[in-house]
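These are the residues of each chain, in order.
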Amino acid sequence: MGELHTPVMLEEVLEWLQVRPDGIYVDATTGAGGHSAAIAARLSSGRLISLDRDGQALQIARERLSEFGSKVSFVQAAFSKISEAVHGLGIAMVDGVLADLGVSSMQLDRPERGFSFREAGPLDMRMSSGEADEDTLTADEIVNRWPEQELADLLYREAEEHDSRRIARAIVRARPIRDTAHLATVVAGARKQWGRQKLHPATKTFLALRIAVNRELEELGQFLYRTPATINSGGRWVVLTYHSREDRPVKRAFQEGEREGTLKVLTKHVMVPSEEEQRRNPRSRSAKLRCAEKV
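Only a predicted model underlies this, so the values are computations on that prediction, with no experimental measurement involved. (Residues numbered from 1 in each chain as written. Predicted model: local features only at pLDDT ≥ 70, side-chain atom pairs only at ≥ 80, totals over all residues. Heavy atoms only, no water.)

1. Looking at the pattern of salt bridges
(1) Moving on: Counted under the stated rule, the structure contains 18 salt bridges.
(2) Moving on: The salt bridge involving aspartate 22 is made with arginine 20; its shortest N-O contact spans 3.1 Å.
(3) Moving on: By relative accessible area, which is 39% here, arginine 20 ends up partly exposed.
(4) Moving on: Connected through shared salt-bridge partners, Arg20, Asp22 and Asp95 make up one network. (Salt bridge = Lys/Arg side-chain N within 4 Å of Asp/Glu carboxyl O. Buried < 20%, exposed > 50% of the residue type's maximum accessible area, 1.4 Å probe, protein only.)

Laid out in structure tokens, this is it:
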């Protein structure tokens with residue numbers, strides 16, 4: 001169970017969140033519950049609201065956090081629905097919010113979810129594990145049906161993929177793309193080698209597809225807009241991002257909040273994982289942590 005998910009920058013998250021034993025906190029992206037468990041362990045009379053749009057992830061978190069009983073409330077919802085989730089539990093304001101925008105290891109490691117390019121899985125990539133009616137777009141629809149130009153634009157816009165046109169052309173020629181492994185092979189064959197490769201050649205293509213399928217940047221925009229109104233004065237807001245398309249809007253929202261006098265940015269320089277953590281958990285490599293305080 002503990003192997004399921006290594007929470008990224010856990011010590012730093014707890015340090016910046018400043019969890020009070022009697023406080024009320026939201027883990028807006030619970031995943032397998034690594035961060036949630038550490039927050040709940042610091043509460044006495046306080047309360048934790050654990051949100052996730054993925055019902056499978058929430059079920060695993062529920063089992064993992066069962067020892068905390070009624071201290072933790074689980075809500076299946078996208079993090080953009082943070083205010084509805086909080087108010088739906090009869091809570092007006094909270095003392096801290098955490099959002100870890102990474103895909104959980106559990107989703108990446110299950111080929112049937114379609115996030116991984118290492119093993120063959122269906123071209124799905126829906127975070128909601130396909131339960132929600134509104135989540136009808138899948139990676140299969142984009143990869144096998146979108147026009148070449150739209151596909152190229154998507155790869156460039158969402159993942160800053162410089163070989164977007166070449167990759168889109170290769171995908172269209174190879175249709176029908178059968179599964180994630182087939183897609184990864186097609187992309188790798190189309191992509192230029194730029195110097196030494198740290199990342200798998202299909203990384204950016206898979207990222208762009210995931211962002212589009214889950215409307216991640218729209219969801220993030222809603223979350224950034226709605227969250228400040230749910231946080232008490234003096235409460236902390238911690239966000240972990242993994243690529244520039246996520247990090248830029250977070251940085252901008254924090255700076256705008258500071259200009260308007262609603263937030264105080266506490267991380268003047270973005271925080272990154274220690275070298276030791278990056279060695280221990282390679283998936284933490286691209287993480288960036290920002291924290292703001294509600295004024």
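2. Some details on the packing of helix 9 (residues 180-190) against helix 10 (residues 203-213)
Axis angle and axis distance: for two packed helices, these are the angle between their axes and the distance between the axes, and together they describe the pair.
(1) Moving on: Contact geometry of helix 9 with helix 10 gives a least axis separation of 9 Å together with a crossing angle of 130°. In this view, helix 9 runs oblique relative to helix 10, as classed from their interaxial angle. Here helix 9 contributes Thr180, Leu183, Ala184 and Val187 to the contact with helix 10, which in turn contributes Thr205, Phe206 and Leu209.
(2) Moving on: Tallied by class, residues from the contact of helix 9 with helix 10 come to five nonpolar, two polar and no charged. (Axes fitted to C-alpha atoms, helices over the stretch in contact; angles between N-to-C directions. Helix = DSSP H or I, 4+ residues; strand = E, 2+ residues; numbered from the N terminus. Parallel < 35°, antiparallel > 145°, perpendicular 65-115°, else oblique. Contact = heavy atoms within 4.5 Å. Nonpolar A, V, L, I, M, F, W, Y, C, P; charged D, E, K, R; others polar.)

3. Structural notes on the environment of alanine 78
(1) Moving on: Within the secondary structure, alanine 78 sits in the loop between strand 3 (72-76) and helix 4 (82-88).
(2) Moving on: The class for alanine 78 is buried, based on a relative accessible area of 14%.
(3) Moving on: Along the primary structure alanine 78 and glutamate 219 are separated by 141 residues, whereas in three dimensions their C-alpha atoms are 7.6 Å apart.
(4) Moving on: With sequence-adjacent residues up to four places away left out, alanine 78 is seen in contact with Leu51, Arg53 and Glu219.

4. Quick look at the nonpolar core
(1) Moving on: Formed by 32 residues in total, the largest nonpolar core has its most connected members in Ile142, Val143, Ile171, Ile177, Leu183, Phe206 and Leu209.
(2) Moving on: Those elements that place two or more of their residues in this core are helix 6 (139-145), helix 7 (148-159), helix 8 (164-174), helix 9 and helix 10.
(3) Moving on: The leading source of residues in this core is helix 10, at seven residues.
(4) Moving on: Ignoring sequence-local partners within four residues, the contact set of leucine 209 consists of Met125, Ile142, Val143, Leu154 and Leu183. (Core = buried A, V, L, I, M, F, W, Y, C linked by side-chain atoms within 4.5 Å.)

5. Quick word on the sheet that holds strand 2 (residues 47-52)
Within a sheet, adjacent strands bond to each other through the backbone by hydrogen bonds, running parallel or antiparallel.
(1) Moving on: Taken together, seven strands build an open sheet; the order of strands is 3-2-1-4-5-7-6 and the sheet is mixed. Only two strands of the sheet have a single neighbouring strand rather than two, namely strand 3 and strand 6 (263-265). Taken pair by pair, the neighbouring strands of this sheet meet at an average axis angle of 20°, ignoring direction.
(2) Moving on: Pairing analysis gives five bridges linking strand 2 to strand 3, with the strands arranged parallel. If you follow leucine 48 over to strand 3, its bridge partner there is valine 72.
(3) Moving on: Those strands touched by helix 1 (residues 10-17) are strand 1 (24-27), strand 4 (94-100), strand 5 (231-241) and strand 7 (288-294), and its axis lies near 160° from that of strand 5. (Pairing = 2+ DSSP bridges.)

6. Examining the side chain of threonine 205
(1) Moving on: Looking at the element boundaries, threonine 205 is found in helix 10.
(2) Moving on: Judged by relative accessible area, which is 0%, threonine 205 ranks as buried.
(3) Moving on: Beyond its immediate stretch of four places on either side in the chain, threonine 205 contacts Leu155, Glu161, Ile167 and Val187.

7. Some details on the pairing of strand 1
(1) Moving on: In terms of strand pairing, strand 1 meets strand 2 through four bridges, oriented parallel. Looking at the pairing, tyrosine 25 lines up with leucine 48 of strand 2.
(2) Moving on: As for the winding sense of the linkage, the β-α-β connection from strand 1 through helix 2 (residues 34-40) to strand 2 is right-handed.
(3) Moving on: In terms of strand pairing, strand 1 meets strand 4 through three bridges, oriented parallel. (Right-handed = clockwise from strand over helix to strand, strands pointing away.)

These figures capture arrangement, not role.
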